[in-house]
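Below, each chain spelled out in residue letters.
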Amino acid sequence: MIKLESAHIEEVRGIRKLDLIFNKEKFAISGPNGSGKSGVIDAIEFGLTGHIGRLTGKGTKGLSVSEHGPHVDKTKFPDAAFVILRVFLTGLGKSVTITRKLTSPNKPKIEPADEDVKAVLAEFADHPEITLSRREILRFILVEPTTRSEEIQTILKLDEIGQTRSALNTAQNKLQSAHKTTTAQVDAARSSLQLHLQIAPLRAEELLEAVNKRRTVLDLSAIAELTADTKLDTGLLSTVKAFDFNKESALRDLKALAGAREGFPDFARTEATAVIADLARLEADPALLRALQRRSFIEKGLDFVDGPECPLCDTPWQNEQHLRDHLKMKLAKSEEAKQLQQSLLSNGLAIAEQAIRVASLLTPVQKLADARGEILFAQVLAAWKAELEALETKLATVDGITGLTDRLKGDWLEMPKAFPQQLKALTSKLEALPDQAATLDAQTFLTTAQLRLVDYREAMRKNEAANIALTVAKAAHETYCAVLEGELNTLYEEVQQDFSTFYRAINEEDESTFTAKLTPSEGSLGLEVNFYERGLFPPAAYHSEGHQDGMGVCLYLALMKRLFGGQFTFALLDDVVMSVDAGHRYQFCKLLKTYFPDTQFIITTHDRLWAEQMKSAGLVTAKTSIAFHSWTIDTGPLVESNLEIWDEIGAALGKGKVEAAAAALRHHLEYVSRHLADQIGASPQFRADGNYELGELLPSVLKRMKELCGKAADAAQSWGKDADKDTAGKRKTVLSTSNAAMSVEQWAVNKAVHYNEWANFGKKDFEPVVAAFKELLRCFSCETCESWLYVTPHGNPESLRCACNAINLNLKQKPK
Amino acid sequence: MATLQQQIAEKFLGKLAESEDVDDATIKQLRILLADGKKLKADDLVKVFGQSAGGDLK
């Protein structure tokens, strides 16, 4: 996707002004803690994405890029803080320049601002996981399976998939509720029709029999078959149809309503009691109530998230993902509230079904009252029906239900006070009417039957539509879950294999048969690792912390490989390599070289020895690495470079600053001697605390190199290789005769001679010291690649080499 | 390179097309929703599934 060519950083984090050339190569930045390495990582991450990972996430409350991104002395002048990156886009074959200011992180200046360029950079900016810091490694390893699942799903950007699954599930639930409601409406319409026809069950034959009986009275032809188009009152004149009601049927409706009224107090009483209990719990636990209200509020908010601004409070977030994660975290915390929510909605639906039933009983009576001129009663019934429909809507949401506490405690149907009396009065009036003539009875029977059949058919149609929609929603949800599970299983299998391969590559000496197992299940991801073929165990069970760290790095690399595929071209590893213990560092370098040859890693380490080992292993070169020796608030990182150290010392001497030159030389020698002691296997007197003085290390390094050169010369002679013998011999001679070497010898025998005395030297006195050590150190490095020499294999060396192989001196003599 | 999301969406639509319960028009609508680039909303899905029934559910 991208590779970094160069960076210019000004007034960002701890950096004042710094230029770095990366040349699209793997690059190492070393230096002690607090020397500014992570500041470089922050600046690059900011330049590429507009974010700084260290200023966001857990434990960073109160920190922000705009306030804490600029150098501490420039917080009032944040415009001075910016990063210019020269980036190569591998897919497009283009080099582009990105200039990003801390004051406007989301508005980088991109040159050229081609659409394809902007698209690639925008996609890249959406990948904060390009940066891995040491403190983040173990989030993959030493965490609960549920947390690991979340972490890995985040890095693989599975949240969008989860969101789709969640939307499908919510749609299915909504349609399930809709289907239940329409089913209740069908039941009510069927009851109404059956009540009128006086048949049970509702079958075509019985229906036609009841209808044809009345049609016969009217001399109308019998209906032979009930079809979708059948009209029960066909043949009746429209004037006849205007008759208002069928007395017998109307009395049955009134009786049905009166009968139901007796049972009103018990309607959905169990469910209403359950709701009251749930609401009482909420009243007694304000925290639970807040969680529930917040849950409902957040769920609505999540639905409306469409960008980095919170739809609930307009707060701007770094990006949409941060906002979504934040809201989801809040939802996850309210599991108890979730269960309560489900209970309330389920009981609410049951109560709503009873409300629908009552409303369906009111409908014919309302029409009757209206037709009989009982306007007041008709209005009471109409208002009650409307109230029940409003109640139905309230019962569909938690917010609506929470406002119904008092109502559900008593007569939740809220029967109008005048209703029983008015019902009784209407019934009496109707009963007092003379019986309808047979023809009128038959006519009104047919018209009423037709109206109720239409209502029933309509309810059936809606119910069928709701059923089809629910079936499709179920199929969609189930199919998505099945496909998702299959794809994730494949993904985890690939990650598991790569993870095991990478870990074995690092630990090939002692764990060459290592395997790991990722076990995905609903919402969690278990990880077990093989421990010396004794079985699978959690990572923390038997492996050392160092090994667990190594696992974290390997899992990260496996995930990145899966996430980017062939486009994993860039990653920032901030002090991550420290997780790899000393015995496995060369293998780690080999892993990065072998499995990620086209990936540009920008690697920081506070262990300078590690940085040199990266060079020796050929992962980086002197030109693709940099060392900071210290940092000050005024200067930012102070660069120590093998290539430039002698220029820096010369410059200090040129200004008459002997003390500064002496400090630089001393510092350089400390670093080089420690590194070389490891590279060539010197044997200083052992110190348990590892705190070796320069006066202890350098003599042993000198002695060891002379010994190696002697061995190389003897070996070359035994094989008849005169050129190698000459090379080794010359190095040994210089090592023995240089003035610096003489000083080093003096340290070994006379502890009163100490490099601290250099600071008291005059310029003329110190210049020869510098020249002598420069000459001496040349004997330890390659003139071609400028890397330090090292022996290999480490324990029982067979050759003395440099990184480019221009120097490769055999140490083993020809067998006699 | 197709993202994991795209791969899953393609397989999902392919499998769904084999289902007798789901018609072509619904698949087409779902494809549009999934390709939209925006986050899927449950209410949009309810509309699509409702239309597949020829109903007027909202």
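Residues numbered from 1 in each chain as written. Chains lettered and ligands numbered in written order. Predicted model: local features only at pLDDT ≥ 70, side-chain atom pairs only at ≥ 80, totals over all residues.

Caption draft 1: Here's a closer look at the overall build of chain A. Broken down by element type, chain A carries 28 helices and 17 strands. The buried share of chain A, taken over its 816 residues, is 38%. Considering only intrachain contacts with a sequence separation of at least 6, the fraction spanning at least 24 residues in chain A is 68%. (Helix = DSSP H or I, 4+ residues; strand = E, 2+ residues; numbered from the N terminus. Buried ≥ 20, exposed ≤ 12 C-beta atoms within 10 Å, placed from the backbone. Contact = placed C-beta atoms within 7 Å.)

Caption draft 2: Highlighting the overall build of chain B. The number of helices and strands found in chain B is three helices and zero strands. Helices and strands appear in chain B in the N-to-C order α-α-α. Expressed as a percentage of the 58 residues in chain B, the buried residues total 31%.

Caption draft 3: The arrangement of the packing of helix α10 (residues 269-284) of chain A against helix α13 (residues 335-371) of chain A in detail. Residue and element names in this part refer to chain A. Where α10 meets α13, the closest approach of the two axes is 9 Å, and the angle between their N-to-C directions is 150 degrees. Between α10 and α13, the angle falls in the class roughly antiparallel. As for the relative orientation of α10 and α13, their crossing is left-handed in sense. Residue-level inspection shows Glu 271, Ala 272, Ala 274, Val 275 and Asp 278 of α10 in contact with α13, the latter providing Leu 340, Ser 343, Leu 344, Asn 347, Gly 348, Ala 350 and Ile 351. (Axes fitted to C-alpha atoms, helices over the stretch in contact; angles between N-to-C directions. Parallel < 35°, antiparallel > 145°, perpendicular 65-115°, else oblique. Left-handed = near helix turned anticlockwise from the far one by under 90°.)

Caption draft 4: View of helix α9 (residues 247-263) of chain A. All names here are of chain A. Taking 1.5 Å of rise per residue, the 17 residues of α9 would be expected to cover 24 Å, and the 25 Å separating its terminal C-alpha atoms lies within 8% of that figure. For α9, the set of buried residues is Ser 249, Ala 250, Asp 253, Leu 254 and Leu 257. In a view along the axis of α9, the buried residues occupy a sector of 140 degrees, so they form one face of it. Opposite the buried face of α9, by more than 90 degrees, sit the exposed residues Lys 255, Gly 259, Glu 262 and Gly 263. (Expected span 1.5 Å × (residues − 1). Arc of directions from axis to C-beta.)

Caption draft 5: Seen up close, the sheet that holds strand β16 (residues 799-801) of chain A. All names here are of chain A. One open sheet holds the three strands; their spatial order is β15-β16-β17, and the pairing between them is antiparallel. In this open sheet, the two edge strands, each paired with only one partner strand, are β15 (790-792) and β17 (808-810). Between one strand axis and the next, the sheet turns by 25 degrees as a mean value, whatever way the strands run. Of the strand pairs in this sheet, β15 and β16 are connected by three bridges, and their pairing is antiparallel. Bridge pairing links Thr 792 to Ser 799 in β16. (Pairing = 2+ DSSP bridges.)

Caption draft 6: Representation of the nonpolar core in the model. Residues and elements named next belong to chain A. Within the largest apolar cluster, 76 residues are counted, with the highest numbers of intra-cluster contacts made by Ala 43, Ile 44 and Cys 554. Broken down by element, the residue count for this core peaks at nine residues, all from helix α20 (residues 545-564). If you look at the next biggest cluster of nonpolar residues, it comprises 47 residues, including Val 672, Leu 702, Cys 709 and Leu 777. (Core = buried A, V, L, I, M, F, W, Y, C linked by C-beta atoms within 7 Å.)

Caption draft 7: Structural detail: the interface of chain B and chain A. With 27 residues of chain B in contact, the opposing surface of chain A contributes 32 residues. Those elements that provide at least two residues to the side of chain B that touches chain A are α1 (4-18) and α3 (42-52) of chain B. The leading source of residues in the side of chain B that touches chain A is α1 of chain B, at eight residues. The residue inventory of the side of chain B that touches chain A, partitioned by class, reads 13 nonpolar, eight polar and six charged. (Nonpolar A, V, L, I, M, F, W, Y, C, P; charged D, E, K, R; others polar.)

Caption draft 8: Representation of the sheet that holds strand β5 (residues 94-101) of chain A in the model. All names here are of chain A. Spatially, five strands are ordered β2-β1-β4-β5-β6 in an open sheet, and the strand pairing comes out antiparallel. Each edge of the open sheet carries a strand with a single partner, namely β2 (15-21) and β6 (109-111). Neighbour-to-neighbour, the strand axes of this sheet turn through a mean angle of 15 degrees, independent of strand direction. Taken together, the three bridges between β5 and β6 define a ladder with antiparallel strand orientation. Bridge assignment links Thr 99 to a residue of β6, and that residue is Lys 109. Here helix α1 (residues 37-49) sits on the sheet in contact with β1 (2-12), β2, β4 (82-89) and β5, set at roughly 110 degrees to β1.

Caption draft 9: Structural detail: the pairing of β2 of chain A. Relative to β2 of chain A, β1 of chain A runs antiparallel, the two sharing six bridges. When the bridges of β2 of chain A are listed, Ala 7 of chain A appears paired with Leu 20 of chain A.

Caption draft 10: Structural detail: the packing of helix α23 (residues 645-654) of chain A against helix α28 (residues 763-778) of chain A. All names here are of chain A. Their axes nearest at 11 Å, the elements α23 and α28 cross at an angle of 175 degrees. It follows that α23 is roughly antiparallel to α28 by the angle criterion. When α23 is examined against α28, the residues Trp 646, Ile 649 and Leu 653 are found in contact with a partner set consisting of Lys 763, Phe 766, Glu 767, Val 770 and Lys 774. A class-by-class count of the residues in the contact of α23 with α28 yields five nonpolar, no polar and three charged.

Caption draft 11: Spatial organisation of the environment of Ile 603 of chain A. All names here are of chain A. Examined against the element boundaries, Ile 603 turns out to sit in strand β12 (residues 600-605). Looking at Ile 603, the number of C-beta atoms within 10 Å reads 26, which means it is buried. Spatially, the C-alpha atom of Ile 603 lies 8.3 Å from that of Ser 30, the residues being 573 residues apart in sequence. For Ile 603, the residues in contact, after removing those within four places along its chain, are Phe 27, Ala 28, Leu 573 and Val 577.

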